[in-house]
Amino acid sequence: MDMQEKFLKRIDVWAEEECDKRLEKALDVYEDWCKGLNEQQEQQFTSFLERFNYYTDSKVNNILSELHKIAVENYNISNKNTVVSVVRKNQGAMGSSSAYWLKYKYASGLSSKVFYDSLEDIEEESWNNIMNVVFIDDCCGTGKTFINFIDKQNKDFSNKQIILITIEMMQNAKKCIEEYAKKKQLNIALLHYNCAEKVSA
């Protein structure tokens, strides 16, 4: 199977539910992407294609809705006992996570009043009544960004159930966060759609 056949095969997988504008664009510019690639670069590109997961907006919404149901069933999250925030990246930037945070807002059906782009906006009296703290991220590659983010929060997470909801999570990230939770004696639940082993290029 040549590179173009592999590319089209992956497009079929990604477009299982819909072919959105980004996939249409990829099909349009594919030949331009591949011009001038040598044999080694083609092998790297096809290897990347085989491991890369792309999610259309509708699929992301469906996944977040299902992960929310799991969170409700297992941790009884509700408008009365939960806040939902976003994992900020380096230097406090929200990055792509903010888009997934907004998607979760609509997919979950929770009140907009429980969504905070920063936990610093929550008054201490209200914080004391919170049982569940849900964080939304698109992908968790190593776990270090999430751990650093938690460490920088000026909130007491003891006696709280922390729930990290992601679309993609690497196995080493899961292990890293689980070890961190054990060390810090924190209750951290990891809900994800896909948990994959990191593969070197």
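Notes on the structure in this doc start here. (Residues numbered from 1 in each chain as written. Predicted model: local features only at pLDDT ≥ 70, side-chain atom pairs only at ≥ 80, totals over all residues. Heavy atoms only, no water.)

**Some words on the overall build of the chain**
Spelled out, the test is: Where helices and strands are cited, they refer to DSSP runs of H or I of at least four residues and of E of at least two residues respectively, numbered from the N terminus. The buried label goes to any residue with under 20% of its type's maximum accessible area, the exposed label to any with over 50%, and the partly exposed label to all in between, with areas taken from a 1.4 Å probe on protein chains only. Here, two residues are considered to be in contact whenever any of their heavy atoms come within 4.5 Å of each other. Charge convention: Lys and Arg are scored as positive, Asp and Glu as negative, and His as well as the terminal groups of each chain are ignored. Each charge is placed at NZ for Lys, CZ for Arg, CG for Asp and CD for Glu.
If you tally the helices and strands in the chain, you get 8 helices and 4 strands. Each helix (α) and strand (β) of the chain, taken in turn from the N terminus, gives the series α-α-α-α-β-α-α-β-α-β-α-β. For the chain, the spread of C-alpha atoms along the principal axes amounts to about 60 × 35 × 30 Å. Taken across its 201 residues, the chain has 41% of its residues classed as buried. Across the chain, contacts joining residues at least 24 apart in sequence account for 79% of those joining residues at least 6 apart. In the chain, which carries 26 positive and 31 negative side-chain charges, the distance between the mean positions of the two groups comes to 5 Å.

**A few points about the pairing of strand β4 (residues 187-196)**
Our working definition: Pairing between strands is defined by DSSP: at least two bridges between the two strands are required. Seen with the strands pointing away from the viewer, any crossover whose path from the first strand over the helix to the second strand runs clockwise is right-handed.
As defined by bridge partners, strand β3 (residues 161-170) adjoins β4 across 9 bridges and the pair is classed as parallel. Counted as the bridge partner of E168 is N194 from β4. Following the backbone out of β3, through helix α8 (residues 171-184) and into the adjacent parallel β4, one traces a crossover that is right-handed.

**Some remarks on unusual backbone geometry**
Residues other than glycine seldom take positive phi values, yet N159 does so here, at roughly 65 degrees. Here N159 shows up in the loop between α7 (144-152) and β3.

**A short note on the packing of aromatic side chains**
Two numbers describe a pair of aromatic rings. These are the distance of the centres and the angle of the planes. Condition: Aromatic pairing here means that ring centres of Phe, Tyr or Trp (its six-membered ring) are within 6.5 Å. Orientation follows from the plane angle: under 30 degrees is stacked, over 60 is edge-to-face, and everything else is tilted.
Under the counting rule described, the total for this entry stands at 10 aromatic pairs. Note on W14 and F52: the rings are 5.7 Å apart at their centroids and 90 degrees apart in plane angle, and the pair reads as edge-to-face. Of the two residues, W14 sits in helix α1 (residues 3-14) while F52 sits in the loop between α3 (39-51) and α4 (57-75), which places them 38 residues apart along the sequence. A relative accessible area of 10% places W14 in the buried class. By relative accessible area, F52 is classed as partly exposed at 33%. Measuring from centroid to centroid gives 6.3 Å for Y104 and F115, while their planes differ by 55 degrees, and the two rings are tilted. Taken as a pair, Y104 in helix α5 (residues 97-108) and F115 in the loop between α5 and α6 (124-127) lie far apart in primary sequence, 11 residues in all.

**Concerning the environment of Y30**
With respect to the secondary-structure elements, Y30 resides in helix α2 (residues 21-34). For Y30, a relative accessible area of 7% corresponds to the buried category. As for Y30 and L8, which are separated by 22 residues in sequence, their C-alpha atoms are 9.9 Å apart.

**Notes on the pattern of salt bridges**
Oppositely charged side chains can form a pair if their charged atoms are brought close together. Put simply, the rule reads: The rule for a salt bridge is simple: a side-chain nitrogen of Lys or Arg has to be within 4 Å of a carboxyl oxygen of Asp or Glu.
Here the structure, examined in full by the defined rule, presents 5 salt bridges. Of the charged contacts in the structure, one is a salt bridge between D20 and R22, with a shortest N-O distance of 3.9 Å. With a relative accessible area of 47%, R22 lands in the partly exposed category. With its nearest N and O atoms 3.4 Å apart, the salt bridge here joins K69 to E66.

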